[in-house]
Amino acid sequence: MSNTNNTSESQGSQQSSRRTQKPQKSQESQDAQESRRPRPMEVLREARAQLAELTGMTAETVSSFEQTEEGWALEVEVLELERVPDTMSLMGSYQVELDVEGQLTGYRRVRRYERGRSDARGSGGR
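Residues numbered from 1 in each chain as written. Predicted model: local features only at pLDDT ≥ 70, side-chain atom pairs only at ≥ 80, totals over all residues. Heavy atoms only, no water.

A. A look at unusual backbone geometry. Cis geometry is adopted by the peptide bond preceding Pro 85, which originates at Val 84 and carries an omega value of 0 degrees. In this structure, Pro 85 sits in the loop between β2 (71-81) and β3 (90-99). (Helix = DSSP H or I, 4+ residues; strand = E, 2+ residues; numbered from the N terminus.)

Written out as structure tokens, the structure is:
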């Protein structure tokens, strides 16, 4: 009988140690997910979605994108005022900053222009 008792005790302790190990594994995977830097495409999608949610305007394209020490820096082209014809619509170029996890930390409009106008900055000011 004592042998049976020992067996059930050892089984109980094995089950107990398995229960203890499972939370450690899930904690490790949770830590790994938290420390994982988002991939560039995830950052682009999140930046556009967050900017659109904050401003209420449609983020159309990302014209520049770079990783920085603080996180990410993007320039996003936004439709600010839709007009007919479409070439007369007003666009805004926004500088967007995100932290290392891809959360928007700030934005500001750096330029406003008509969609159909060429960029004077890119053509030498002509």
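B. Up close: the sheet that holds strand β4 (residues 104-114). Reading across the sheet, the four strands line up as β1-β2-β3-β4 and stay open at both edges, with antiparallel pairing between neighbours. Across the chains shown, the open sheet's two edge strands, defined by having one partner strand only, are β1 (58-67) and β4. Across this sheet, the average inter-strand angle for adjacent strands is 20 degrees, counted without regard to direction. Where β3 lies against β4, nine bridges are found, and the strand directions are antiparallel. Each bridged residue has a counterpart across the sheet, and for Gly 92 the counterpart in β4 is Arg 112. Packed onto the sheet, helix α2 (residues 40-55) meets β1, β2, β3 and β4 and runs at close to 135 degrees relative to β1. (Pairing = 2+ DSSP bridges. Axes fitted to C-alpha atoms, helices over the stretch in contact; angles between N-to-C directions. Contact = heavy atoms within 4.5 Å.)

C. Summary view of the side chain of Glu 114. Along the polypeptide, Glu 114 turns up in strand β4. Separated by 2.9 Å, the side chains of Glu 114 and Arg 117 make a polar contact. (Polar contact = N/O pair within 3.5 Å; in protein donor to acceptor, adjacent residues only side chain to side chain.)

D. Seen up close, the packing of aromatic side chains. Going through the model one piece at a time under the given rule, you end up with two aromatic pairs. When the centroid spacing of 5.3 Å and the interplanar angle of 15 degrees are considered together, the rings of Phe 65 and Trp 72 count as stacked. The interplanar angle of 50 degrees and the centroid separation of 6.0 Å between the aromatic rings of Tyr 94 and Tyr 107 together place this pair among those described as tilted. One end of the pair, Tyr 94, is in strand β3; the other, Tyr 107, is in strand β4, and 13 residues separate them in sequence. Overall, Tyr 107 belongs to the partly exposed group, its relative accessible area being 36%. Lying across the ring of Tyr 113, Arg 111 places its NZ or CZ 4.1 Å from the centre. (Phe/Tyr/Trp six-rings, centres within 6.5 Å; stacked < 30°, edge-to-face > 60°. Buried < 20%, exposed > 50% of the residue type's maximum accessible area, 1.4 Å probe, protein only. Lys NZ or Arg CZ within 6 Å of the ring centre and 35° of its normal.)

E. The arrangement of the pairing of β1 in detail. As paired strands, β1 and β2 are joined by eight bridges and run antiparallel to one another. Directly across from Val 62, in β2, lies its bridge partner Val 76. The turn linking β1 back onto β2 is made up of three residues.

F. How the structure looks around the pattern of salt bridges. Counted under the stated rule, the structure contains five salt bridges. The closest approach of N and O atoms between Glu 80 and Arg 109, which form a salt bridge, is 3.1 Å. Taken together, the positions of Glu 80 in strand β2 and Arg 109 in strand β4 put the pair 29 residues apart, joining distant regions of the chain. Judged by relative accessible area, Arg 109 falls into the partly exposed class, the value being 42%. The partner of Arg 112 in a salt bridge is Glu 80, and the shortest N-O contact between them spans 2.6 Å. Of the two residues, Arg 112 sits in strand β4 while Glu 80 sits in strand β2, which places them 32 residues apart along the sequence. Residue class for Arg 112 comes out partly exposed when judged on its relative accessible area of 47%. Residue Glu 80 is classed as buried on the basis of its relative accessible area, which comes to 14%. Connected through salt bridges with shared partners, the residues Glu 60, Asp 86 and Arg 115 form a single ionic network. (Salt bridge = Lys/Arg side-chain N within 4 Å of Asp/Glu carboxyl O.)

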